[in-house]
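# Structure assessment
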Amino acid sequence: MQKNKINVEPYLYLLPSLFILVSLLLFPLLWNIYVSTHDVSILTILKKWDFVGLKNFYDLFSDPKFYESLKLTLFFVVGSVSAQFGIGLLLAVLLNQQIKGTHVLRTLLIIPWSVSTVITAFSFKFMYDDNYGIINYVLESIGLDAVGWLSDPNIAIWSIVLANIWYGTPFTILFLTAGLHSISPHLYEAAIIDGATKIKRFFFITIPLLRQFIITNLILITVWSINFFDLQLIMTGGGPLFSTTTTSLYMYREAFEFGSFSGGATIGILLIVMNLLLTFVYVKIFNRKTSDQNEK
Amino acid sequence: MKNSYRNNIKQVLSDKWLIYSIIFTYIFITLIPLVWVFSTSLKPNDLAISLPPEFLPSEPTIENYVFVITEPRLVQSLINSLLVSLGSTVLSVAISALGGYSFARFKFKGKNLLLSIILGFFMIPIVINIIPLYLMLSEIGLLNSIFSLIITFQILIIPLNIFLLKNYFETIPRELEEAALVDGCSRFGILRRIILPLSTPGLAIASVLAFRFSWNEFLLPIVLANRPDSLVFQLALYQFISIYRIEWGYLTAGINIALIPIVILMLLFQKQLVHGLTASSLKG
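## With respect to the overall build of chain A
A count of helical and extended segments in chain A gives 13 helices and two strands. At 24 Å, chain A has a C-alpha radius of gyration far larger than the 19 Å of a compact globule built from 296 residues. With respect to the principal axes defined by its C-alpha atoms, chain A has extents near 85 × 75 × 40 Å. Counting only residues that meet the buried cut, chain A has 39% of its 296 residues in that class. Partitioning the intrachain contacts of chain A with sequence separation of at least 6 by distance along the chain shows that 67% fall at a separation of at least 24.

This is the structure we're talking about:
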């Protein structure tokens with residue numbers, strides 16, 4: 001008799017986590033759609049929300065600032081992801097070589113990972129300052145021109161990318177280090193006996209075996225870069241002249257600076273679409289590479 | 001033969017120097033901002049932005065630190081941060097331990113599906129939820145409360161910690177539990193009396209991660225709780241911009257105070273963190 005009954009115990013254990021995740025993560029995600037199809041602003045928030053259909057989407061797609069923000073997001077994501085991944089992979093591999101003191105070195109490398117976005121933003125803002133920033137001081141004292149790190153609209157976004165590389169690279173180092181630890185040393189020993197050079201070992205053992213870690217890492221840092229706006233908000237507030245308002249920051253400003261909650265929610269939905277598309281593209285590209293290799 | 005062996009050694013030695021110099025260059029560049037902020041924090045506030053800059057403070061002082069730990073608003077925010085971080089750490093570890101145990105030890109319908117859904121939740125960017133969360137919490141009157149921060153921080157932490165603890169519990173031999181089951185111990189009793197005491201290293205990693213996420217979080221507080229009585233420390237630092245036309249001496253001291261608990265935790269658990277990530281990814 002007992003056997004036919006469904007055992008509810010495992011579900012009970014999961015209930016608290018599922019309750020929180022569904023009510024604070026899944027429900028808001030869906031509610032975003034509702035908000036984006038209604039007129040919700042700082043003026044109407046306490047009144048009835050009128051249904052406006054796809055008007056918010058039409059408005060957004062005819063907003064030149066939205067396209068500007070997409071361009072800035074592209075700069076931000078490409079700059080951040082390529083550097084974080086490149087530097088992260090290089091350092092993870094170097095740390096995995098048979099050298100002394102890896103433990104201490106890894107600890108030193110992890111320190112920036114414990115730093116918050118607020119701290120990163122302020123530290124860089126302090127060094128970038130036009131009047132008293134240390135970077136311009138050093139540049140000028142060796143005879144170079146000062147740079148308007150955060151005041152020049154053409155440069156500001158790249159200055160923030162630089163800060164983001166500093167902030168985000170430790171995660172990639174840590175993540176890929178974990179991946180390298182999972183590769184059996186016997187494989188390398190066998191390859192050395194067969195006479196494979198270092199470079200060959202890297203491309204024919206390390207990279208293929210690390211593939212799963214690389215793809216997960218790339219998806220995570222890409223998605224994070226798309227959605228990330230803490231640094232922009234603190235360092236420049238999106239300025240000068242909109243020049244650092246990436247799409248995610250535009251969403252925040254729409255809602256909390258200009259008071260249009262439904263406008264912000266609409267941008268939020270487009271961000272979700274961007275996240276999903278990019279994840280899909282990464283998975284596709286990497287899977288194709290795998291099947292190519294299998295055919296060979 | 002002997003010659004090539006010698007060449008090999010030479011090769012290895014020069015490789016090592018190259019490796020060390022790249023790593024040290026990177027570490028040097030990485031630490032510059034933090035060292036500079038630390039050095040500034042030890043200068044009198046008026047001299048923090050003086051030119052030419054003093055790379056090392058000529059007369060180090062702790063007056064900036066004294067300011068931060070005596071300013072009532074900042075002290076309140078430090079207390080709030082501790083309350084929020086400890087509360088959300090305890091809550092998330094408790095909830096994730098229950099969830100992780102369920103996945104580690106029970107067979108039930110929809111197990112794999114539920115596990116991938118929970119992991120999928122980790123992919124949902126919190127940023128996209130800030131507007132609906134703000135509207136929801138304002139509707140039920142929970143904006144600007146420490147409670148709402150503790151609850152909403154859970155979504156940052158739970159998916160990761162369930163996964164981590166599930167993998168940790170799976171490394172504990174089942175025989176111990178079977179003996180207890182025969183003795184008539186309930187499943188919950190087993191979790192409490194056998195599994196949890198044996199999982200302290202796993203619980204420690206989960207707690208460190210939860211504390212780090214909560215202590216450093218900026219986005220949810222700036223949207224959900226920015227009034228003085230529920231202000232967290234990271235947000236109090238951010239508000240230096242508007243309230244005190246950036247007083248860099250005070251701000252850099254605040255930054256260092258914010259760093260202390262996390263850096264200590266990271267240094268203590270560095271090895272376990274890398275190991276924990278490896279172990280969980282191996283099985284995932």
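## Regarding the overall build of chain B
The helix and strand tally for chain B stands at 13 helices and zero strands. Shown N-terminal to C-terminal, the secondary structure of chain B runs as helices and strands in the order α-α-α-α-α-α-α-α-α-α-α-α-α. Per-residue burial for chain B yields a buried fraction of 42% across its 284 residues. By sequence separation, contacts in chain B at least 24 residues apart represent 80% of the contacts at least 6 residues apart.

## Focus on the interface of chain B and chain A
Reports often express the size of an interface as the amount of accessible area lost when the parts come together. With 68 residues of chain B at the contact, the number on the chain A side is 66 residues. Split by residue class, the side of chain B that touches chain A holds 53 nonpolar, twelve polar and three charged.

## Here's the deal with the domain arrangement of chain B
Split by domain assignment, chain B resolves into domain 1 (2-41) and domain 2 (63-283). Of the residues contributing to the side of domain 1 of chain B that touches domain 2 of chain B, the split by class is two nonpolar, two polar and no charged.

## Looking at the environment of Phe188(B)
Residue position: Phe188(B) is located in helix H8 (residues 187-198). C-alpha separation for the pair Phe188(B) and Leu98(B), spaced 90 residues apart in sequence, amounts to 9.1 Å.

## Describing helix H1 (residues 9-36) of chain A
Residue and element names in this part refer to chain A. Over its 28 residues, H1 runs 39 Å from end to end, which matches the ideal 40 Å to within 8%, given 1.5 Å per residue. Along H1, the largest kink reaches about 45° and is centred on Leu 15; proline Pro 16 follows within four residues of it. Burial in H1 covers these residues: Pro 10, Tyr 13, Leu 14, Ser 17, Leu 21, Leu 24, Leu 25, Pro 28, Asn 32, Val 35 and Ser 36.

## Things to note about unusual backbone geometry
Cis geometry is found at the peptide bond from Gly239(A) to Pro240(A), where omega equals -10°. With respect to the helices, strands and loops of the structure, Pro240(A) is situated in the loop between helix H11 (230-235) and helix H12 (247-256). Of note, Phe242(A) is a non-glycine position whose phi angle comes to about 70°, a positive value. Take Phe242(A): it is sitting in the loop between H11 and H12. Unusually for a residue other than glycine, Asn144(B) sits at a positive phi of about 55°. For Asn144(B), the position within the fold is in the loop between helix H5 (126-139) and helix H6 (146-170).

## What about the confidence of the model for chain B?
All names here are of chain B. Mean pLDDT for chain B: 85, with 90% of residues reaching 70 or above. The least confident element of chain B is helix H12 (residues 240-243), whose mean pLDDT is 68; the most confident is helix H3 (residues 72-105), at 94. Here the predicted complex scores 0.88 on pTM and 0.86 on ipTM.

## Focus: the nonpolar core
Core analysis: the largest hydrophobic core is formed by 119 residues, its most contacted members being Phe122(A) and Leu237(B). When residues of this core are assigned to their parent elements, the largest contribution, 14 residues, is made by H6(B). Apart from the residues lying within four places of it in its own chain, the contact partners of Phe122(A) are Ile234(A), Leu237(B), Leu251(B) and Ile255(B). Of all hydrophobic cores here, the second largest spans 15 residues; its members include Leu89(A), Leu95(A), Ile110(A) and Phe213(A).

Definitions and cut-offs
Residues numbered from 1 in each chain as written. Chains lettered and ligands numbered in written order. Predicted model: local features only at pLDDT ≥ 70, side-chain atom pairs only at ≥ 80, totals over all residues. Helix = DSSP H or I, 4+ residues; strand = E, 2+ residues; numbered from the N terminus. Rg over C-alpha atoms; globule rule 2.2 N^0.38 Å. Buried ≥ 20, exposed ≤ 12 C-beta atoms within 10 Å, placed from the backbone. Contact = placed C-beta atoms within 7 Å. Nonpolar A, V, L, I, M, F, W, Y, C, P; charged D, E, K, R; others polar. Domains from an automatic or database assignment. Expected span 1.5 Å × (residues − 1). Bend = angle between axes of the 7 residues up to and from the residue. pLDDT = per-residue confidence, 0-100. Core = buried A, V, L, I, M, F, W, Y, C linked by C-beta atoms within 7 Å.

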